Amino acid sequence: MTTLRVVWTGLVVHFKITSRSPFAIGVGATWPIVNATLAYFMYRAGGTPQTLLYASLGSAVAGIFSMIAIDASGAIQRQRFWGTLELLIAAPVRFALVLLPMTIAVASVGIYCLATTLVWGRLVYGIPLPLEHPLAFVLAVPATLISVGVLGFALCMVLVRFRWAGQIGNSLEYPVWIVSGLLFPIAVLPAWSHPISWALATTWGMQALLHGALGGPVWRDLGMCALLSLVYGVIGFSIVDRFLDAARRSASLSLT
Amino acid sequence: MIEAIDLRRTYHTTTGVIRRKRLDVEAVRGVSFAVERGELFGLLGPNGAGKTTTIKMLITLLLPTSGKARVLDRDVVDDAREVRKRIGYVFGGDRGLYERLSAHDNLRYFAELYGVSGAAQRKRIDEVVELVGLKGREKERVEGYSRGMRQRLHIARGILHDPEVVFLDEPTIGVDPVGARDLRQTIADLVAVGKTVLLTTHYMFEADALCDRIAVIAKGQIVGEGTPEELKGRVEGGRVTEIEVFGVDEPTVGRLREIVGVTAVSVEEREQRQVLVVQTSGEREVTAPLLAQLDGFEVGRVASREPTLEDAYVALVTE
């Protein structure tokens, strides 16, 4: 009960902080529009409505991952700059329970990305949103946000330990977009890259949204989102204490 | 309540780009002291003396390179989580708060992290807000707060979970004189309600006014310890001569230090001039030899006075 309350309060607090950030809102609202526009003009030549919807949803999930890759990795750096990272670590609650809601809250701002992209696509380019499995599509939204958020949680542990790791987030952005099939289907990628795709929540989140809209094995996709959330969570929780001890040994928690 | 035994901390850093060279910096070099229950203990020292490093080891944020530290009979390395439950940590400056949130939201979040039960949170937040004088302003966003208000909010956050021991790391730094006076009163109130407080500061009058005992730390080592009166007593019987001078150089200051009867010399820069604060044992008259060494420099006002705690401190950190 206490654990749930800590996580819930953390979610509310960090969602408030992130949603009051002009930068986060700016990124969340404008990037998907740019991406959706680019995708529309790239795909309209081959132009079935399904292809356009693929491009539209791909842009939305890319936006959600960008929030995580840039903003969640930035979240740890921001806590350092704000001087709150040490205070969070000095609290008696397990640090994983502090970090997890922080990254999920950042990913949740990705709702803006999803909504912006779909509304923009519908209103400006007339891209339809057929909902073959309305319930599954609705469930796919939090499943994608949470699984990508937990992926961000595992990544953030590296940032707590290594101050220089802030740049990692930015460099991951495009490779993950490509390997997750957000720009084009992963079937066109070489076979050796498929296991990497399958290990990423972005792949299954994208598939869940797409299959929820157009029909397909959506429950398998949702199950994979849940499974990967669990795996990322276990990895994050298992390394958190070791990384924190290393950070306390190397004095990398503060800026100075 | 707090015990540090031969505490040491070395930082590792590197220089160079191609041929990287590892450097070891000893920030704390064998610090030992003990703080009793209900005591307000001051750790006094100049910037870079090792105060913050010492406090960070005590509050479990840094692992000591060697030595032992215990807080409330719990080891800060082996029993970190139990130590964290029972201590509060407050540091000075603008950072350490969520500016986009209200003070109430900041406090609510940290109340949760420190295990204050849901039922007790509202009452406890009201109490601490009242104690630090932020009543009526707690719903405003922190970004609109003055430095003094932020510092009071820091203290409120640090004592939310009613810790037995409170660590205050330069809590009045950068706060205006009136705000600093209010904060000192708040700190005194903490001790009045039974808290044990470890305060680091480089303000002499603050340490003098608040602390039951003081340890002076310089270059990572404790160079003096005692009550403010005991420390002042170390320079009792001595005299302090202040000499206003223009353009004095370091070699000359070095020669002043070598004059028999001179115990310490410090230089205060005041716009174009400098004031040499010369401490002497008081057993012999040194004004004439001092002025002789300053021959060739433009000398202004020369005055003599009784030593203060600040002089005791200067003597300790320049030994």
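Bear in mind that the values here come from a model prediction, so they are computed numbers and not experimental data. (Residues numbered from 1 in each chain as written. Chains lettered and ligands numbered in written order. Predicted model: local features only at pLDDT ≥ 70, side-chain atom pairs only at ≥ 80, totals over all residues.)

Right, let's talk about the overall build of chain A for a bit. Scanning chain A for helices and strands turns up 11 helices and 0 strands. What you see in chain A, going N to C, is helices and strands ordered as α-α-α-α-α-α-α-α-α-α-α. Taken across its 256 residues, chain A has 51% of its residues classed as buried. (Helix = DSSP H or I, 4+ residues; strand = E, 2+ residues; numbered from the N terminus. Buried ≥ 20, exposed ≤ 12 C-beta atoms within 10 Å, placed from the backbone.)

All names here are of chain B. As assigned here, chain B comprises domain 1 (37–50 + 73–230) and domain 2 (234–317). A C-alpha centroid distance of 37 Å is found between domain 1 and domain 2. On the side of domain 2, 6 residues touch domain 1, which itself brings 10 residues to the contact. Contributions of two or more residues to the side of domain 1 that touches domain 2 are made by α7 (204–210), β9 (213–218) and β10 (221–226). Of the residues assigned to the side of domain 1 that touches domain 2, the class counts are 7 nonpolar, 2 polar and 1 charged. (Domains from an automatic or database assignment. Contact = placed C-beta atoms within 7 Å. Nonpolar A, V, L, I, M, F, W, Y, C, P; charged D, E, K, R; others polar.)

Further remarks concern the nonpolar core. Among the nonpolar cores identified, the biggest contains 167 residues, and Ile64(A), Leu58(B), Ala156(B) and Phe167(B) are the most heavily contacted of them. Ranked by the residues each element gives to this core, the list is headed by helix α7 (residues 134–161) of chain A, at 16 residues. When residues of this core are sorted by domain, at least three fall in each of domain 1 (37–50 + 73–230) and domain 2 (234–317) of chain B. Every residue in contact with Phe167(B), bar those within four places of it in the chain, is listed here: Ile55(B), Leu58(B), Ile59(B), Ile87(B), Gly88(B), Tyr89(B) and Leu198(B). (Core = buried A, V, L, I, M, F, W, Y, C linked by C-beta atoms within 7 Å.)

Here we take up the interface of chain B and chain A. The partner chain A presents 22 residues to the 22 residues of chain B that form the contact. Of all the secondary structure elements, the ones that give two or more residues to the side of chain B that touches chain A are α2 (80–86) and α3 (103–113) of chain B. Across the side of chain B that touches chain A, the residue classes break down as 11 nonpolar, 4 polar and 7 charged.

Let's shift gears to the sheet that holds strand β5 (residues 74–75) of chain B. Pairing between sheet strands relies on hydrogen bonds along the backbone, with the strands arranged either parallel or antiparallel. Residues and elements named next belong to chain B. What the 4 strands build is an open sheet, ordered β2-β1-β4-β5; its pairing is antiparallel. In the strand order of this sheet, the two ends are held by β2 (21–35) and β5, each with one partner. Summarising the sheet, strand β1 (residues 2–15) and strand β4 (residues 66–71) pair through 5 bridges and their orientation is antiparallel. Looking across to β4, one finds that Arg-8 is bridged to Ser-66. Helix-sheet contacts for helix α1 (residues 51–58) involve β1, β2 and β4, and the interaxial angle to β1 is about 115°. (Pairing = 2+ DSSP bridges. Axes fitted to C-alpha atoms, helices over the stretch in contact; angles between N-to-C directions.)

With that settled, consider unusual backbone geometry. Residue and element names in this part refer to chain B. The backbone of Asp-6 sits at a positive phi, close to 50°, despite the residue not being glycine. Here Asp-6 shows up in strand β1. Phi at Thr-60 takes a positive value of approximately 75°, unusual for a residue other than glycine. Given 25 C-beta atoms within 10 Å, Thr-60 falls into the buried group.

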